[in-house]
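Okay, here's what each chain looks like letter by letter:
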Amino acid sequence: MFTPLPTPEEMSAWDAATIRLGLPAMVLMENAAREALDVLRTSCGPLRHRRVILFMGGGNNGGDAAAVARGLNDLGACTLLVHTKPLRAYRGETAAHLRLALRCGVPTLDAASWCRLAAKADAPFAPWHTAMAVARKQKAQTAHDGAQGNPPARLYGTVQDDTAPAAPWRRDSTDDHTQAPLPPVIVDGLLGTGLRGPVRERERALIRAINALRDEGAHVFSLDIPSGVDGLTGRPAPEAVHAHVTVTFEAPKTGLVLPEARCHVGALHVRPIGIPRTVRSTPTRFRLMTDDCTKVMPVPRDDMHKGTAGHVLIIGGSPGLTGAPHLAARAALRGGAGFATIATPGSLATEAKCASPDVMTLPLGVATIWPDTPDEALTSLIRRCSVLVVGPGMGRTPQAAAFASRLLAVRHRPPAIVDADALHALATGGIALDLIAETDIVTPHPGEATLLLGWETADIQRDRPAALAALMSRLHCTVILKGACTLVGSPGLPVTVSPRMASTLAVAGSGDVLAGLAGALVAQGATSPIAACLSVNIHGKAGEMLLEGHPQRGCLASDIADALPRARKELCHA
């Protein structure tokens, strides 16, 4: 159900702890290169005779690039290692892997020369041809010097602009001439997860060069993280590589799974490099939802009955908004609850039922407005039911806020899913904060979070983890901060990140479905933190599954509710 999602600082701590245990950093870098080569072979096809340009930064990410260059050279690829620092300026494990690459005959070119040659040439791969010409001369000179008994030449130094003419760019050949030519490969090892602040102009120019090569048809492959992407927020700083494939090591970093990074990361592969389990078991600030939910999903039993499946009581509905509580009730039943009842102003009960024989109603009074207090029938049902869902379509009148407040104050009430208009009442003082129990789940979208915190919506979206922390600090319960890659926070637990995004979920009523589903899972025995995570995961999975039939939108909230059983099945058999 969950996998660690370390921040860049936490990943650095994992590396350091592993090295202290006795596994050298040189070995970790070699392991990373081996795993990257495996992904590269899988994602890019044949590598023999393939043109591969590797951009090598000054840190550990550059060391990974040097080690990958050596491996590619051994596989028969036509490699070129473009380095951002003078070769003698590299230090530590990065320098060691660079020396190995040079001794194995990997050609190099300094980044300044690459940029200068690229600016002069019409062909985007002209610097590669120039560097290869130099490499051939150096190789011939090395062989000559060896035959004369002289020390072998080293592939050090800067290539001059006029060393060789630039050949026209063409796609690389394959051994099988019946196949279409394969595009060149660009390996991005410029900047890693340690990036802090804006990218410097020198690296920014290389990022632009890599993206320009992609536009010309090259396959871009990033090591650990696309250069320029912030490892914590996922945002470009302010420019970043657009990779087709990213291989990250040991665990996905926080920023890689956030929506801001999606267009830069491409297909994400996570590969182990030997960090021991004793190190990986260290708690992290964030964790990622996975498809495997079997360990925490409530399991239906053959001998169960509707009473053991739980009773969800939805309190909502107002003139023009009776569909919201109906969608929540429909989702509760599709989510596995045994009963779903809508409590709503009396004259709206028929509308809220929506001619569904599956949904029960409890009319409150005979008007369209909420009564002053819960009556005896409702109070009795509150104490008998498994969970409350408070707020869908309830309206924002003072009477609705006062009724919701008195309802949440009922003694010995069950956990509540507080949603929609109840959140507005909570933000405006209609519901006192101390009525929210630790077992409740609050489900704001960014606009509702803005009301609860007094922040601007842009500030919420700019730092969603900070907004979630502020909401939890104020409410002291489980909070679902909805949106692309929804965040779930519970007191004393890591922030849980959903990897799911689907345009099918961007429709009115989608939140009501999520609230009803969360209620169903609580009713079936899940704790509030687990029910919140499961509901987000199942809801998101349903949205992804509906993309097949609704790729250009047109999905309804009722479609999402009806897809929940299949989504739950898929997650239980992942």
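Residues numbered from 1 in each chain as written. Predicted model: local features only at pLDDT ≥ 70, side-chain atom pairs only at ≥ 80, totals over all residues. Heavy atoms only, no water.

Colleague: Just checking my understanding: could you explain the overall build of the protein chain for this structure?
Modeller: Each helix and strand in the protein chain was counted, giving 20 helices and 18 strands. Just so you have it, the protein chain exposes about 23700 Å², and 54% of that area is on carbon and sulfur atoms. (Helix = DSSP H or I, 4+ residues; strand = E, 2+ residues; numbered from the N terminus. Areas by Shrake-Rupley, 256 points an atom, 1.4 Å probe, with all protein chains shown as cover.)

Colleague: What is the right way to read helix H7 (residues 201–215) from this model?
Modeller: Counting along an α-helix, one turn takes 3.6 residues, and residues three or four places apart therefore face a common direction. When the terminal C-alpha atoms of H7 are compared, their 21 Å separation across 15 residues agrees well with the 21 Å that a helix rising 1.5 Å per residue should span. Along H7, the residues classified as buried are Glu203, Arg204, Leu206, Ile207, Ala209, Ile210, Asn211 and Leu213. Immediately beyond the C-terminal end of H7, within one or two residues, lies Gly217, with a positive phi of roughly 110°. (Expected span 1.5 Å × (residues − 1). Buried < 20%, exposed > 50% of the residue type's maximum accessible area, 1.4 Å probe, protein only.)

Colleague: What am I meant to see in the pairing of strand S7 (residues 245–249) here?
Modeller: In the case of a regular strand, side chains alternate between the two sheet surfaces. Taking burial as the measure, the five residues of S7 include five buried ones, the bulk of the element. Of the two faces of S7, the one holding Val245, Val247 and Phe249 and the one holding Thr246 and Thr248 are both buried throughout. In this sheet, S7 lies alongside strand S6 (residues 219–223) in parallel orientation, the contact comprising three bridges. Paired with Phe221 across the strands is Val245, a residue of S7. Of the strand pairs in this sheet, S7 and strand S8 (residues 267–271) are connected by five bridges, and their pairing is parallel. When the sheet's bridge partners are listed, Thr246 is paired in S8 with Leu268. (Pairing = 2+ DSSP bridges.)

Colleague: Sorry if this is basic, but what is going on with the nonpolar core here?
Modeller: In a soluble, globular protein the nonpolar side chains are often hidden away together inside. In terms of nonpolar packing, the biggest core is built from 52 residues, with Val312, Ile314, Ile417, Val513, Leu521 and Ile538 touching the most fellow members. When contributions to this core are tallied by element, the ones reaching two or more residues are strand S10 (311–315), helix H10 (323–334), strand S11 (339–345), strand S13 (387–390), helix H18 (510–523), helix H19 (528–546) and helix H20 (557–572). Among the elements that make up this core, the one with the highest residue count is H19 (10 residues). Dropping the residues within four chain positions of it, Ile538 is found in contact with Met297, Leu517, Leu521, Leu564, Ala567, Arg568 and Leu571. (Core = buried A, V, L, I, M, F, W, Y, C linked by side-chain atoms within 4.5 Å. Contact = heavy atoms within 4.5 Å.)

Colleague: Is there a simple way to think about the sheet that holds S13 in this case?
Modeller: The pairing of strands in a sheet happens through backbone hydrogen bonds and is either parallel or antiparallel. Strand order in the open sheet made by the 11 strands is S1-S9-S18-S17-S16-S15-S14-S13-S10-S11-S12, with mixed pairing throughout. Since the sheet does not close on itself, it has two edges, and those belong to strand S1 (2–4) and strand S12 (360–364), each with one partner. In this structure, strand S14 (residues 416–418) lies alongside strand S15 (residues 441–442), joined through two bridges in parallel fashion. By the bridge assignment for S15, Val418 is matched with Val442. Sheet contacts for H10: S10 and S11; angle to S11, the most-contacted strand, approximately 170°. (Axes fitted to C-alpha atoms, helices over the stretch in contact; angles between N-to-C directions.)

Colleague: Would you explain empty space enclosed by the protein in this entry?
Modeller: For the structure shown, the criterion picks out one cavity of 30 Å³ or more. In this structure, the largest cavity spans a volume of roughly 30 Å³. In this structure, the largest cavity is lined by Arg287, Val488, Gly489, Ser490, Leu493, Pro494, Thr496, Pro529 and Cys533. The set of elements that each furnish at least two residues to the lining of the largest cavity consists of strand S17 (487–489) and H19. Considering only residue class, the lining of the largest cavity consists of five nonpolar, three polar and one charged. (1 Å grid on protein atoms, 1.4 Å probe; cavity = no way out; pocket = protein on both sides within 12 Å on 5 of 7 lines; lining within 4 Å. Points joined across faces, edges and corners; volume = space filled by probe spheres on them. Nonpolar A, V, L, I, M, F, W, Y, C, P; charged D, E, K, R; others polar.)

Colleague: Is there a simple way to think about the packing of helix H2 (residues 25–44) against helix H3 (residues 60–74) in this case?
Modeller: A packed helix pair is summarised by two numbers, namely the angle formed by the two axes and the spacing between the axes. In contact at an axis separation of 8 Å, H2 and H3 are set at 60° when each is read in the N-to-C sense. Of the possible angle classes, the one that applies to H2 and H3 is oblique. Pair H2 / H3 crosses with right-handed handedness. Within the contact between the two elements, H2 uses Met29, Glu30, Ala32, Ala33, Ala36, Leu37 and Leu40 and H3 uses Asn60, Gly63, Asp64, Ala67, Val68, Arg70, Gly71 and Leu72. Here the residues of the contact of H2 with H3 are counted per class, giving nine nonpolar, three polar and three charged. (Parallel < 35°, antiparallel > 145°, perpendicular 65-115°, else oblique. Left-handed = near helix turned anticlockwise from the far one by under 90°.)

Colleague: Where do I start with the pattern of salt bridges in this structure?
Modeller: For side chains bearing opposite charge, pairing can occur when the charged atoms are close. With the rule as written, the count across this model stands at 23 salt bridges. Here Arg208 makes a salt bridge to Glu239, at a shortest N to O gap of 2.9 Å. One end of the pair, Arg208, is in helix H7; the other, Glu239, is in the loop between S6 and S7, and 31 residues separate them in sequence. Owing to a relative accessible area of 38%, Arg208 belongs among the partly exposed residues under this scheme. On the accessibility criterion, Glu239 (25% relative accessible area) is partly exposed. Here Lys253 and Asp224 are joined by a salt bridge, their closest N and O atoms 3.0 Å apart. Remark: Asp224 occurs in the loop between S6 and S7 and Lys253 occurs in the loop between S7 and helix H8 (262–265); sequence separation between them is 29 residues. (Salt bridge = Lys/Arg side-chain N within 4 Å of Asp/Glu carboxyl O.)

Colleague: Any chance you could explain the side chain of Asp419 here in plain terms?
Modeller: As for its placement among the helices and strands, Asp419 is situated in the loop between S14 and helix H14 (421–428). Accessibility expressed as a relative area gives 2% for Asp419, which makes it buried. Polar side-chain contacts of Asp419 include one of 2.6 Å to the side chain of Thr443. Asp419 has contacts with Val390, Gly391, Pro392, Thr443, Lys482, Gly511, Asp512 and Ala515, leaving out every residue within four places of it along the chain. (Polar contact = N/O pair within 3.5 Å; in protein donor to acceptor, adjacent residues only side chain to side chain.)

Colleague: What is the right way to look at the sheet that holds strand S5 (residues 185–189) in this model?
Modeller: Strand order in the open sheet formed by seven strands is S4-S3-S2-S5-S6-S7-S8, with parallel pairing between adjacent strands. Two strands close off the open sheet at either side, each with one partner strand: strand S4 (108–110) and S8. Pairs of neighbouring strands in the sheet enclose a mean axial angle of 20°, with direction left out of account. The sheet contact formed by strand S2 (residues 51–56) and strand S3 (residues 78–83) spans six bridges and is parallel. Bridge pairing in S3 places Val52 opposite Thr79.

Colleague: Just to check I follow, could you spell out the packing of aromatic side chains for this structure?
Modeller: We describe a pair of aromatic rings using the distance from one ring centre to the other and the angle between the two ring planes. A full pass over the atoms with the stated rule returns two aromatic pairs. The interplanar angle of 85° and the centroid separation of 5.5 Å between the aromatic rings of Phe55 and Trp114 together place this pair among those described as edge-to-face. One end of the pair, Phe55, is in strand S2; the other, Trp114, is in helix H5 (residues 111–120), and 59 residues separate them in sequence. Here Trp114 falls in the buried class, since its relative accessible area comes to 1%. The ring of Phe2 has Arg287 lying over it, and the distance from NZ or CZ to the ring centre is 3.6 Å. (Phe/Tyr/Trp six-rings, centres within 6.5 Å; stacked < 30°, edge-to-face > 60°. Lys NZ or Arg CZ within 6 Å of the ring centre and 35° of its normal.)

Colleague: What am I meant to see in unusual backbone geometry here?
Modeller: Glycine aside, negative phi is the norm for most residues, and most peptide bonds take the trans geometry. The step from Ala237 to Pro238 runs through a cis peptide bond, and the omega angle for that step is -15°. Take Pro238: it is sitting in the loop between S6 and S7. For Asp224, which is not a glycine, the phi torsion comes out positive at approximately 70°.

Colleague: Just to check I follow, could you spell out the environment of Gly62 for this structure?
Modeller: One can find Gly62 in helix H3. Residues Gly62 and Asp188, spaced 126 residues apart in sequence, show a C-alpha to C-alpha distance of 8.8 Å.

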